[in-house]
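A structural walkthrough
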Amino acid sequence: MSQLASLTLYHNDEARPIIEAIIADNPGVRVLNMPGAVKLDCEGSLVVKRASVEERLGRTWDPQEIHLVIISMAGHLDEDDDQFSVSWKH
Amino acid sequence: MTAKKLGLKQRYAHMTRGLDWETSYQPMDKVFPYDTFEGIKIKDWSAWEDPFRLTMDAYWKFQAEKERKLYAVIDAFAQNNGQTGVTDGRYANVLKLFLTGISPEEYQAHRGFAYAGRHLRGVGPRVAAQMQSLDELRHIQTQIHTISHYNKYFDGLAEFPHMHDRVWYLSVPKSFFDDARSAGPFEFMIAIGFAFEYVLTNLLFVPFMSGAAYNGDMSTVTFGFSAQSDESRHMTLGIEVIKFLLEQHPDNLPIVQKWVDKWFWRGHRVLGLVAMMMDYMLPKPVMSWKEAWEIYFTEAGGALFQDLARYGLRPPKYADIATAEAEHISHQNWAIFYQYTHAAAFHTWLPDAKHMDWLSEKYPNTFDKYYRPRFEMWGQMAKEGKRFYNMALPQLCQTCQIPMGYTEPGDPTTICFRKTQFRGETYHFCSDGCKDIFEAEPEKFAQAWLPVHQIFQGNCGGATIPDVLNYYRMNVGADNMDYVGSPDEKLWNEWQADKIRTAV
Ligand SMILES: [Fe+2]
Ligand SMILES: [Fe+2]
Ligand SMILES: [Zn+2]
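This structure is a prediction, so every number in the text was calculated from the model and none was measured.

It is worth spelling out empty space enclosed by the protein at this point. Residues and elements named next belong to chain B. Under the defined criterion, the tally for this structure stands at 5 cavities of 30 Å³ or more. Empty space within the largest cavity amounts to approximately 240 Å³. Ile-102, Glu-105, Phe-177, Phe-196 and Leu-204 are, among the 21 residues lining the largest cavity, the residues nearest its centre. Counting residues per element, the lining of the largest cavity draws most heavily on helix H9 (residues 185-205), at 6 residues. When the residues that make up the lining of the largest cavity are grouped by side-chain class, the tally is 13 nonpolar, 3 polar and 5 charged. Each pocket or cavity is described by its volume, and for the second largest cavity that value is around 190 Å³. As for the second largest cavity, its lining consists of 17 residues, and the residues nearest its centre are Asp-50, Phe-52, Ala-128, Arg-233 and Leu-237. When contributions to the lining of the second largest cavity are tallied by element, the ones reaching two or more residues are helix H6 (123-151) and helix H11 (218-248).

Here it is as C-alpha cells:
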C-alpha cells in the first residue's frame, strides 16, 4: 500500500522558493493546491535541500526557517544543517 | 584560528540535555508522582529522540517572527473593514462555533501540556511538552484577538468563556479535553499529542482554514495557519511519544492500543462539528468533509498505521465505522442544530438549491437519498409558517455527550441506541465506540456532567427554556434562531446596500 510523505506549506512569496525546490528535487511529487496552502506528497520520502532553496532565494537559508511557512506534514522528520526531510523509510 | 562551528545536531544536544538532574534530598518518585500509576514502563528516558532540533533561543526567535506577521494581517484586516468583504453574513457563524467550542480547547491543551511538561521525568519530552504548552497559549490568544474584531459587529461571540462551560453542545469538546486532562500524563500525551494532533487536527486546521481564505477571511486563515505552523512540531511530538512508549517495553503495547482506540473514537465524535462547519456553514464550500477524511484519515492515517504496525500496533478500533460515517455525519449534525436553533448561540439556515446540488455531487451515495428530502420538507414547512423546532430535550450519549441522533452503521434510517448497566443505573450511548469507552472506565464516565441531566436536576437556572438560555447568558433573539431575520442579517444587508450605493 502507498505511504505518502507529505509537507503542506503556505502558498505565499516566502514559501515559493521552497515549493519550487521541492518540486525540482523530488521527482514524482504530487501537488495539491488549496486556497492559501499547497500540499506536496511524495511516495516514501520528501526532501527540502538547503542548497536548492538558496539558489532560488538568492541568499543563505537555514532549514529551520521552514518553521515560518510549514502548515502540516506526514512522515518521520529529520533535519540537519543541509536539509529537512520527512520519510516513512527506516 | 576560530573554533569550528558546531552542527545542528551537536548544538541541540549541548543546549537541551543535562538540563535535569537526579534529585538527592527527595526521592525521584516523590518529585514525579504521576508517571508510574498508568502502568507504562520506561527503561531509558535518554532514548527519547527530538527530530525537531529546536533550541529555546531559536524557538523564541521563530515564534516572535510568526506573531509579527500574524498581527500585521489582523491589523490590516481591521483597518480595511475586512468583515464587510467576506462571502456572506452567514460566514460569521463558523467563527462563533470556533471561538466558543474550539479556542477554549487550545487553553485546555495549554494546561494539559504544562502538566505533562512538569510530570514526565525525562528531559526530552519535558522540553517538548513545555514548548507545546506555550504554543497552545499563543493559539487561544491569537484566536481571541482575531475574532474580537468580529465581536464588534456580530452576535453570539461576547460570552464565549461563560458559554463554553455551560451550553449543551459545547460540553462535547469540553468533556473531551476534561477527560484527557484528568488522565495520567502518558494517556494525555497519546490522547492529545498523538490521536488528536497527529491523526485528527489536520482535518480542522488545513481544509477548514483554507475554506476561511476561500470565503475572504484573511484574518482567520492567518491565525489558523500560524497555529498550524506550530502543529508540525506537535505532530512530531505525538509520533515520537508513541514510538518511544512502544520501544521501551512490550507491556506498553496493550495500554497504548487501548488509548489509541479510545481517543480516535472520541476525536472522531468531536470533529463531527467541524464536518458540519465545512459542509454547511462555509457559504462557499472548499472541500467536502468526506474528501478531507479521505486525504487526512484514510491516506495519511493509513501511512502512519502501516508504519506503526512494526510495533504490533493496529489501526484504531471502529476506524471502518468512522470512515463509513463520513458520508453522514455532517448532514446529521446540521439537522440537529437546525431543530435546536432556539438553544444555539449561532444562526442556522437550510442550504439553498445551489448548495444542495453541491452536497449531492459530493455525497452521491447519501445526500439525495436520505438528507435532501428532509431539508426540502423543512423548507416547505417554513414557507407555510410552520418552521420545525424540536422542543424536547434530547437523550445524550454518556461518553461523547452528543444528542443521540446518529444512525446504525449500515442503516441510515434507524437511530443507533446502545445501553449498559453500572451500579444499578442505566447509561445510554450513541455507538459501540462510546459504549466500549464507558465500559472500560465506568467510574469515570458515570460522573459526566451531562447538560440535559443537569437541566432536569435543576442546576441550570430553571425548568423552562428561557430560564436555561438566561443561565447560558444567551441574548435571545440575537444570538440564537435562524440567520434569516437576525440582527446579523440586517447589518450584513446594510453593508451590501452601502457598497452598491458607493459603486453607483
Ligand atoms: Fe493549538
Ligand atoms: Fe497543537
Ligand atoms: Zn457517543
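Here the narrative resumes, following the displayed structure.
Next up on the list: the sheet that holds strand S5 (residues 70-74) of chain A. The sheet built from 4 strands is open, its strands ordered S2-S3-S1-S5 (chain A) with antiparallel pairing. The open sheet has two edge strands, strand S2 (30-34) and S5 of chain A, and neither has a second partner. Taking the axes of each pair of neighbouring strands and ignoring which way they run, one obtains an average angle of 15 degrees across the sheet. Here S2 of chain A runs beside strand S3 (residues 37-43) of chain A; their pairing, made up of 5 bridges, is antiparallel. Within the sheet, the bridge partner assigned to Met-34 of chain A lies in S3 of chain A and is Ala-37 of chain A. Contacting strand S1 (4-10), S2 and S3 of chain A, helix H1 (residues 16-25) of chain A crosses the sheet at an angle of about 155 degrees to S1 of chain A. H11 of chain B rests against S1, S3 and S5 of chain A of the sheet, and its axis sits at about 35 degrees to S5 of chain A.

Once that is clear, we can look at the coordination of the iron ion (ligand 2). Residue and element names in this part refer to chain B. Protein coordination of the iron ion (ligand 2) is provided by Glu-136 (OE), Glu-197 (OE), Glu-231 (OE) and His-234 (ND1), with donor distances spanning 2.2 to 2.5 Å. Coordination at the iron ion (ligand 2) comes from 4 donor atoms whose angles at the metal span 84 to 169 degrees, giving a geometry best classed as irregular. When the donors of the iron ion (ligand 2) are listed by position in the chain, the intervening gaps give E-x60-E-x33-E-x2-H.

This brings us to unusual backbone geometry. Excluding glycine, residues mostly carry a negative phi; peptide bonds, for their part, are mostly trans. Residue and element names in this part refer to chain B. Phi at Tyr-318 is positive, roughly 70 degrees, even though this residue is not glycine. Among the structural elements, Tyr-318 can be located in the loop between helix H13 (289-308) and helix H14 (319-325). When its relative accessible area of 18% is taken as the criterion, Tyr-318 is described as buried. One non-glycine residue, Arg-473, lies in the positive phi region at around 60 degrees. Summarising the element assignment, Arg-473 is placed in the loop between helix H21 (465-471) and helix H22 (487-503).

A few words now on helix H12 (residues 252-281) of chain B. All names here are of chain B. With 30 residues, H12 extends 42 Å between its outermost C-alpha atoms, agreeing within 8% with the 44 Å of an ideal straight helix rising 1.5 Å per residue. Along H12, the sharpest kink reaches roughly 30 degrees, centred on Leu-271. For H12, the tally of buried residues reaches 27 of 30 residues, placing the bulk of the element in the interior.

At 2.0 to 2.1 Å from the iron ion (ligand 1) lie its protein donor atoms, namely Glu-106 of chain B (OE), Glu-136 of chain B (OE) and His-139 of chain B (ND1). Mapping the donors of the iron ion (ligand 1) onto the primary sequence gives the spacing E-x29-E-x2-H.

The rules we used
- Think of each chain on its own: its residues are numbered from 1, step by step along the sequence as written.
- Following the order in which they are written, the chains are lettered starting with A and the ligands numbered starting with 1.
- With the structure being a predicted model, the display of local features is reserved for residues of pLDDT at least 70 and the display and counting of side-chain atom pairs for 80 or more, all residues being used for whole-chain, interface and lining totals.
- Hydrogens and water are ignored here; the side-chain numbers use all heavy atoms of the structure.
- Points on a 1 Å grid, built from protein atoms alone, make a cavity when a 1.4 Å probe fits but cannot get out and make a pocket when they are open with protein on both sides within 12 Å along at least 5 of 7 lines; residues with an atom within 4 Å of a point are the lining residues.
- Grid points are joined across faces, edges and corners, and a volume is the space filled by probe spheres set on the points.
- Numbering goes from the N terminus for both helices and strands, where a helix is a DSSP run of H or I of at least four residues and a strand is a run of E of at least two.
- Amino acids are sorted into nonpolar (Ala, Val, Leu, Ile, Met, Phe, Trp, Tyr, Cys and Pro), charged (Asp, Glu, Lys and Arg) and polar (every other residue, Gly among them).
- Here, a strand pair is defined by DSSP locating no fewer than two bridges between the strands.
- To define axes, lines are fitted to C-alpha atoms, for helices over the stretch in contact only, and angles between the resulting N-to-C directions are given on a 0 to 180 degree scale.
- Two residues form a contact once any of their heavy atoms are found within 4.5 Å.
- Counted as coordinating are nitrogen, oxygen and sulfur atoms within 2.8 Å of the metal, or 3.2 Å for Na, K and Ca, while water is not included, which may make sites look incomplete.
- Square planar and octahedral assignments, for four and six donors respectively, both demand that opposite donors be over 155 degrees apart and that all other angles lie between 65 and 115; tetrahedral needs four donors with all angles between 85 and 135 degrees, and anything else is irregular.
- Buried means the residue's accessible area, taken with a 1.4 Å probe over protein chains only, is under 20% of the maximum for its type, while exposed means over 50%, and partly exposed covers the values in between.
- Here the expected length of a helix is defined as 1.5 Å per residue gap, with one fewer gap than residues.
- Each residue is assigned a bend, namely the angle between axes fitted to the seven residues that terminate at it and the seven residues that start at it.

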